[in-house]
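A structural walkthrough
If you want the building blocks of each chain, they are given just below.
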Amino acid sequence: MTEKAEPPARNISSFLLVIILIILVLSLGALYLAVDAVIRENDVVNAGYFMLIGFIGLSLLAYMLLQAKRKPLRVPFEMPQVITTILCQKCGFKNVRDFQRGDYIFKETEPCPKCNEKMMITSIYREVKEKEK
Amino acid sequence: MIPQLSQLGGDNALTWVFQIIFYVIFVAFIFYGQRIQMYIMIREVEGSLARLKFMRDEGRKLAIETIKEIGKPQEDPTERVDRFLEYIAVLPESMDPSGIVWKLEHLLDVQDFRFKDDIKLMAPQADETQRNNLENVLVWAVDLNIIYKIIRHFYLLGKKTLSLYVIMQVQMVLPLIMREAEAFVSAVKACTMGQPMGDGAGALVAAKLMHGHKTRKIAKDIVAATVPLEGRIAHVLKSEGPGGTVGKPGDGISQIIKENKGKIATVVMIDAAQKLEGEKPGDVAEGVGAAIGGPGVDQFKIEESVLKYKIPVNAVIIKEDIGDAVSPMRKEIFDAADTAIQRIKRLILERTKEGDAVIIAGIGNTIGIGQ
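Residues numbered from 1 in each chain as written. Chains lettered and ligands numbered in written order. Predicted model: local features only at pLDDT ≥ 70, side-chain atom pairs only at ≥ 80, totals over all residues.

Right, let's get into the overall build of chain B. The helix and strand tally for chain B stands at eleven helices and seven strands. Evaluated residue by residue, chain B yields a buried proportion of 47% over its 371 residues. Counting only contacts in chain B whose residues sit at least 6 apart along the sequence, the fraction spanning at least 24 positions is 79%. (Helix = DSSP H or I, 4+ residues; strand = E, 2+ residues; numbered from the N terminus. Buried ≥ 20, exposed ≤ 12 C-beta atoms within 10 Å, placed from the backbone. Contact = placed C-beta atoms within 7 Å.)

Below you can see the structure in the form of structure tokens.
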């Protein structure tokens, strides 16, 4: 019952790649300077600043990559499961099954397996789980 | 912060490189900030446009497949479907609005006739119910095509003119448009299967009331039944199912009023209505007025008819959002039909006398709902 259509492939743009590359170079540069400031000049304050800049840059980079990955060209093309309920008006026998093409509400269907009276489609609906909304 | 940053790291060569890059970026953002913002927006619109194209193509593909499967045409319907997708309707001139309703009605009649004719040619083996469903499929596919083309137009225009404001106005409304487009894809799918949609809530209420009673056709695609209800004579009407159609309920209500020489105690109209965010789907609300959507022709006719005889019009609405309205009917909306029936019964008990004649009109697309 559930069908899925294949979404088109997503390419990361060259513009985004250039930005990512620049940030990567700057962040690595900042981290290098932080280490350099501690080793050569024992300047902890400047090293701290560079470290901060470096990590902010890397975090930004990670966020950008995550966003690029998180937004694929996906379209929710799943066919929801639709339920048809068939009821015997005489004995109350109930048959619940997946929707089939040609079903409609108040359609008379096959005879009841219990009393042989004609059964009728009394409801057609889909159930939605709240987290989907 | 900026002077502090510029003094960082002493006289190390790399520090200088770092500082120069920092200043270059800073200056670039001052002079080209708006342009960078625009490029980001263009990228966003581009992504949504690709999704819209995918949805449009999916709708088209589904329409062609369904026509081939149901209609069993001798020749490939692709060319006809593609022509149909580019269909346009030129609305009547409204400089002098007097009589525009009838002009619009004529135009809609011609359009309906044309659609039905085209579908007969595309799907010669389809029966009337299937033809109505196919018409719905194609109409939703046309809507998807229009949405795609309009967004593409603004995207290309924005790129061509490099105008932030052209791109910005598209980018701002895109989330709402995407939501609507996704709902339309669900509609195409539901129509290909002939599943009842949320919009059919009003038709479902009427169907439940008239089921088991003799029906007659009183207007184009509209059936009515006379049903005893709480000691009153209820003239219940809905569009003729189970094919996908909304019919002409305006003509149906006017006809019943005319047949009863205006002696109708009240008209109750039941329809699905747009819910606000935060409201639950399937909530039922009451009020007054002609509860009917569409281009306005039917609402106009109903209002004219009830005004002539001073008949009160009551509305019972079942709330749902656009996504639910055009997707297969949710359980909450299906269950709301019983709540709406209880409201209608209470309403006519409180507002009419025993033996009165009332009209109960279930409005909406009756796809997948018989009577």
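Time to look at the sheet that holds strand β4 (residues 118–126) of chain A. Residue and element names in this part refer to chain A. Spatially, the four strands line up as an open sheet ordered β2-β1-β4-β3, and their pairing is antiparallel. Edge positions in the open sheet fall to β2 (94–98) and β3 (108–111), since each of these has one partner strand only. The average angle at which neighbouring strand axes cross in this sheet is 35 degrees, direction not considered. (Pairing = 2+ DSSP bridges. Axes fitted to C-alpha atoms, helices over the stretch in contact; angles between N-to-C directions.)

All names here are of chain B. One can describe the packing of helix α7 (residues 201–210) onto helix α11 (residues 331–351) by two numbers: an axis separation of 9 Å at closest approach and a directional angle of 55 degrees. As the angle between them shows, α7 and α11 are arranged oblique. Considering the relative orientation of α7 and α11, their crossing is right-handed. On the side of α7, the interface is formed by Ala201, Leu204, Val205, Lys208 and Leu209, while α11 contributes Ile333, Ala336, Ala337, Ala340 and Ile341. The residue inventory of the contact of α7 with α11, partitioned by class, reads nine nonpolar, no polar and one charged. (Parallel < 35°, antiparallel > 145°, perpendicular 65-115°, else oblique. Left-handed = near helix turned anticlockwise from the far one by under 90°. Nonpolar A, V, L, I, M, F, W, Y, C, P; charged D, E, K, R; others polar.)

Here we take up the pairing of β2 of chain A. The side chains of a regular strand alternate, residue by residue, between the two faces of the sheet. Residues and elements named next belong to chain A. Within β2, only zero of the five residues are buried, leaving the element largely exposed. Sheet analysis places strand β1 (residues 82–88) next to β2, joined by five bridges and oriented antiparallel. The residue of β2 that forms the bridge with Thr84 is Arg97. Hairpin remark: β1 followed by β2, antiparallel, with five residues in the connecting loop; positive phi at Gly92, about 80 degrees.

Right, let's talk about the nonpolar core for a bit. Counting 106 residues, the largest nonpolar core has Ala206, Val267, Met269, Ala340 and Ile360 of chain B as its most contacted members. Those residues in contact with Ala340 of chain B that lie beyond four places of it in its chain are Val205, Ile270, Val284, Val316 and Ile318 of chain B. Formed by ten residues, the second largest nonpolar core is a distinct cluster that contains Leu33, Ala34 and Ala37 of chain A together with Phe18 of chain B. (Core = buried A, V, L, I, M, F, W, Y, C linked by C-beta atoms within 7 Å.)

One frequent convention defines the size of an interface as the accessible area lost when the parts assemble. With 37 residues of chain B in contact, the opposing surface of chain A contributes 37 residues. The dominant element in the side of chain B that touches chain A, judged by the number of residues it contributes, is helix α2 (residues 13–71) of chain B, at twelve residues.

Quick look at the sheet that holds strand β2 (residues 222–229) of chain B now. Residue and element names in this part refer to chain B. Taken in spatial order, the seven strands make up an open sheet running β1-β2-β3-β7-β4-β6-β5, and their pairing is mixed. Looking along the sheet, the strands with just one partner apiece sit at the ends: β1 (215–219) and β5 (284–288). For this sheet the average axis-to-axis angle between neighbouring strands, irrespective of direction, equals 25 degrees. Of the strand pairs in this sheet, strand β3 (residues 232–239) and strand β7 (residues 357–362) are connected by six bridges, and their pairing is parallel. For Ala234, the partnering residue across the bridge sits in β7 and is Val358. Running over the sheet, α7 touches β1, β2, β3, β4 (266–274), β6 (313–320) and β7 and is turned about 135 degrees from β3. Here α11 sits on the sheet in contact with β2, β3, β4, β5, β6 and β7, set at roughly 160 degrees to β6.

Attention now moves to the pairing of β1 of chain A. Residue and element names in this part refer to chain A. Judged by which residues are buried, β1 turns out to be one-sided: Val82, Thr84, Ile86 and Cys88 face inward and are buried, whereas Ile83, Thr85 and Leu87, on the alternate face, are not. Pairing of β1 with β4, which is carried by seven bridges, proceeds in the antiparallel orientation. Opposite Val82, over in β4, you have Arg126 as the bridge partner.

Residue and element names in this part refer to chain B. Under the 1.5 Å per step criterion, the end-to-end length of helix α9 (residues 297–309) is 19 Å for 13 residues, consistent within 8% with the ideal 18 Å. Of all the positions in α9, only Val297, Asp298, Gln299, Lys301, Ile302, Ser305 and Val306 are classed as buried. Along its buried surface, α9 packs onto α4 (100–122), α8 (249–259), β4 and β6. Following α9 by one or two positions, Lys310 has its phi on the positive side, about 55 degrees. (Expected span 1.5 Å × (residues − 1).)

In this structure, Glu117 of chain A sits in the loop between β3 and β4. Taking C-alpha positions, Glu117 of chain A is 64 Å from Met64 of chain A, a pair spaced 53 residues apart along the chain.

With respect to the helices, strands and loops of the structure, Gln169 of chain B is situated in helix α6 (residues 164–193). Of the residues examined, Gln169 of chain B has 13 C-beta atoms within 10 Å and is grouped as partly exposed.

Turning our attention to the domain arrangement of chain B. Residues and elements named next belong to chain B. Along its sequence, chain B is carved into domain 1 (44–193) and domain 2 (198–362). Placing the centre of domain 1 and that of domain 2 at their C-alpha centroids yields a distance of 28 Å. Those elements giving two or more residues to the side of domain 1 that touches domain 2 turn out to be α4, α5 (128–161) and α6. (Domains from an automatic or database assignment.)

Here we come to the domain arrangement of chain A. With domains assigned, chain A is organised as domain 1 (14–70) and domain 2 (82–132). Averaged C-alpha coordinates put domain 1 of chain A and domain 2 of chain A at centres separated by 62 Å.

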